Amino acid sequence: MKNNIKKFRNELKISQKDLAQSLSVSRQTINAIETGKFDPSLTLTIKITRFFNKSLEEIFIMREE
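Keep in mind the model is a prediction, meaning the values are calculated, not measured. (Residues numbered from 1 in each chain as written. Predicted model: local features only at pLDDT ≥ 70, side-chain atom pairs only at ≥ 80, totals over all residues. Heavy atoms only, no water.)

Enquirer: Help me out: how do you make sense of the overall build of the protein in this one?
Expert: Summing up its helical and strand segments, the protein has five helices and two strands in all. Scanning the protein from its N terminus toward the C terminus, one meets helices and strands in the order β-α-α-α-α-α-β. In terms of overall dimensions, the protein is globule-like: its C-alpha atoms have a radius of gyration of 11 Å, near the 11 Å expected for 65 residues. With the C-alpha coordinates aligned to their principal axes, the bounding extent of the protein is approximately 35 × 20 × 20 Å. Across the 65 residues of the protein, 32% fall into the buried class. Across the protein, every contact between residues at least 6 apart in sequence was considered, and the portion connecting residues at least 24 apart equals 56%. Summed over all atoms, the accessible surface of the protein reaches about 4600 Å², with 49% contributed by carbon and sulfur. Computed over 12 positive and 8 negative side-chain charges, the inter-centroid distance for the protein is 8 Å. (Helix = DSSP H or I, 4+ residues; strand = E, 2+ residues; numbered from the N terminus. Rg over C-alpha atoms; globule rule 2.2 N^0.38 Å. Buried < 20%, exposed > 50% of the residue type's maximum accessible area, 1.4 Å probe, protein only. Contact = heavy atoms within 4.5 Å. Areas by Shrake-Rupley, 256 points an atom, 1.4 Å probe, with all protein chains shown as cover. Lys, Arg positive; Asp, Glu negative; His and termini not counted. Charge placed at Lys NZ, Arg CZ, Asp CG, Glu CD.)

Structure, rendered in structure tokens:
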């Protein structure tokens, strides 16, 4: 799934490590989500939307299949 996490993270000027610590996950998890190699769980998705104070649709882009 495509997403805008890197964009929003850069706007806040925070590193993958900082975001990972805020969400209680590893930096590798953030990298895998940003690059589309891993789709976050529902719980993590909610944490991400709350962290950025953005809607689900602003952060995640569903691919039409």
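Enquirer: Looking at this structure, how should I read the packing of aromatic side chains?
Expert: How two aromatic rings sit relative to each other is set out by the distance from centre to centre and by the angle between their planes. Per the counting criterion, the structure on display carries two aromatic pairs. Seen in terms of ring centroids, F8 and F52 are 6.0 Å apart; in terms of plane orientation they differ by 45°. Their pairing is tilted. With F8 in helix α1 (residues 5-11) and F52 in helix α4 (residues 42-52), this pair connects stretches of sequence that are 44 residues apart. Neither residue differs from the other here; F8 and F52 are each classed as buried. Where F51 meets F52, the ring centres are 5.0 Å apart and the plane angle is 90°; that geometry is what we call edge-to-face. Classification of F51 as partly exposed rests on a relative accessible area of 31%. Using a relative accessible area of 8% as the deciding quantity, one classes F52 as buried. (Phe/Tyr/Trp six-rings, centres within 6.5 Å; stacked < 30°, edge-to-face > 60°.)

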